[in-house]
Amino acid sequence: MIPKDEMEWSRLMFGGCELGDARRTARLVGVAALMSKQMGRSLAKSCEGDGAALLGGYRLLRNDSVNPEAIREGSFASVARHAQTHALLLAVEDTTSVSYQHEVAGELGITSNQKDAKRKGFQVHSVLLLDAASENTVGLIEQSHWCRERKTHGKKHTRKQRAYKDKESYKWEQASEHTAERLGATMARTISEFWR
């Protein structure tokens, strides 16, 4: 089923998120719908002209009672339910770097081969489900992120001495395991490079 508009998509994706209060979930659905209309833009740009939506969005982001993991898991569960309607799925995964240069960047990890690079950030490993026949996106079923510490820069030279679970490559196996857990029986109809 392809949603007709951004609000319908947002309700399908985030309406089941357990944020401890139905009003928080409703706010999340509204903010996600606004931002999906303005892909790649900030919350402020997405809410231009709607001060109440902007204020509500910032309140949601700053609310200590809102658990980001609950948002992630709620959306993954929605994608897993939707995946059941597809005859054959492709699980496409990769790792990318997200880097920043603003004043908070110093608190993040290294993302390049240069230990003292000004841009800092984190690594993100994602698994995206696609319908194999139509090649349409079903949704994001798994995502993890981590920071590379400056003190461990250059550790690739010791990769043969480190345990497999201590290597970044282990993130691929973990991603496949999490994907399989979420998909359950649907995993039998999913082509994944790392699933055995």
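Residues numbered from 1 in each chain as written. Predicted model: local features only at pLDDT ≥ 70, side-chain atom pairs only at ≥ 80, totals over all residues. Heavy atoms only, no water.

## Regarding the overall build of the protein
Alright, step 1. Check the secondary structure of the protein and you find 6 helices and 4 strands.
Alright, step 2. Across the protein, helices and strands are ordered from the amino to the carboxyl terminus as α-α-α-α-α-β-β-β-α-β.
Alright, step 3. Looking at the 196 residues of the protein, the share that counts as buried comes to 33%.
Alright, step 4. Partitioning the intrachain contacts of the protein with sequence separation of at least 6 by distance along the chain shows that 56% fall at a separation of at least 24. (Helix = DSSP H or I, 4+ residues; strand = E, 2+ residues; numbered from the N terminus. Buried < 20%, exposed > 50% of the residue type's maximum accessible area, 1.4 Å probe, protein only. Contact = heavy atoms within 4.5 Å.)

## Examining the packing of helix H1 (residues 6–14) against helix H5 (residues 68–83)
Alright, step 1. For the pair H1 and H5, interaxial distance at closest approach is 7 Å and the crossing angle is 105 degrees. Considering the angle they form, H1 stands roughly perpendicular to H5. The residues of H5 that touch H1, namely those facing Leu12, Met13 and Phe14, are Ile71, Gly74, Ser75, Ser78 and Val79.
Alright, step 2. Looking at the contact of H1 with H5 residue by residue, the class counts come to 5 nonpolar, 3 polar and no charged. (Axes fitted to C-alpha atoms, helices over the stretch in contact; angles between N-to-C directions. Parallel < 35°, antiparallel > 145°, perpendicular 65-115°, else oblique. Nonpolar A, V, L, I, M, F, W, Y, C, P; charged D, E, K, R; others polar.)

## Examining the pattern of salt bridges
Alright, step 1. With the rule as written, the count across this model stands at 6 salt bridges.
Alright, step 2. Here Arg72 and Glu69 are joined by a salt bridge, their closest N and O atoms 3.1 Å apart. Here Arg72 pairs with Glu69, and both are found in helix H5, just 3 residues apart, close to one helical turn.
Alright, step 3. Residue Glu69 is classed as partly exposed on the basis of its relative accessible area of 36%.
Alright, step 4. Through salt bridges with shared partners, a single ionic network connects Arg41, Lys45 and Glu48. (Salt bridge = Lys/Arg side-chain N within 4 Å of Asp/Glu carboxyl O.)

## Describing the side chain of Ser10
Alright, step 1. Its location among the elements puts Ser10 in helix H1.
Alright, step 2. For Ser10, a relative accessible area of 0% translates into the label buried.
Alright, step 3. In this structure, Ser10 is in contact with Gly15, Leu28, Val29, Ala32 and Ala33, ignoring residues within four places of it in sequence.

## Some words on H1
Alright, step 1. Along H1, the residues that are buried comprise Ser10, Met13 and Phe14. In a view along the axis of H1, the buried residues occupy a sector of 70 degrees, so they form one face of it.
Alright, step 2. In this structure, the buried side of H1 is in contact with helix H2 (22–37) and H5.
Alright, step 3. A distance of 3.2 Å separates the backbone nitrogen of Met7 from a side-chain oxygen at the start of H1, and that oxygen is part of Asp5. (Arc of directions from axis to C-beta. Polar contact = N/O pair within 3.5 Å; in protein donor to acceptor, adjacent residues only side chain to side chain.)

## A word on the nonpolar core
Alright, step 1. By size, the foremost hydrophobic cluster in this structure holds 24 residues, and its most contacted members are Phe14, Leu19, Leu28, Leu129, Ile141 and Leu183.
Alright, step 2. Listing elements by their share of this core, those giving two or more residues are H1, H2, H5, strand S1 (89–100), strand S2 (120–131), strand S3 (137–146) and helix H6 (170–183).
Alright, step 3. With 5 residues, the top contributor of residues to this core is H5.
Alright, step 4. Setting aside chain neighbours within four positions, we find Leu129 in contact with Val79, Ala83, Leu90, Ala91, Asn136, Thr137, Val138, Gly139, Ile141, Leu183 and Thr190. (Core = buried A, V, L, I, M, F, W, Y, C linked by side-chain atoms within 4.5 Å.)

## Considerations on the sheet that holds S1
Alright, step 1. One open sheet accounts for 4 strands, arranged S3-S2-S1-S4; its pairing is mixed. For this open sheet the edge positions go to S3 and strand S4 (190–192), each flanked by a neighbour on one side alone. Between one strand axis and the next, the sheet turns through 30 degrees on average, direction left out of account.
Alright, step 2. Examined bridge by bridge, S2 and S3 share 8 bridges and lie antiparallel to one another. Residue pairing in the sheet places Leu128 in a bridge with Leu140 of S3.
Alright, step 3. Contacts between H5 and the sheet are confined to S1, S2 and S3, with S3 contributing the most and set at about 145 degrees to the helix. (Pairing = 2+ DSSP bridges.)

## Describing the pairing of S1
Alright, step 1. For S1 and S2, the ladder comprises 12 bridges, and the chain directions are antiparallel. Across the sheet, the residue bridging to Val98 is Phe122, located in S2.
Alright, step 2. The sheet contact formed by S1 and S4 spans 3 bridges and is parallel. Along S4, the bridge assignment pairs Ala91 with Ser192.

By themselves, these figures tell us nothing about what the structure is for.
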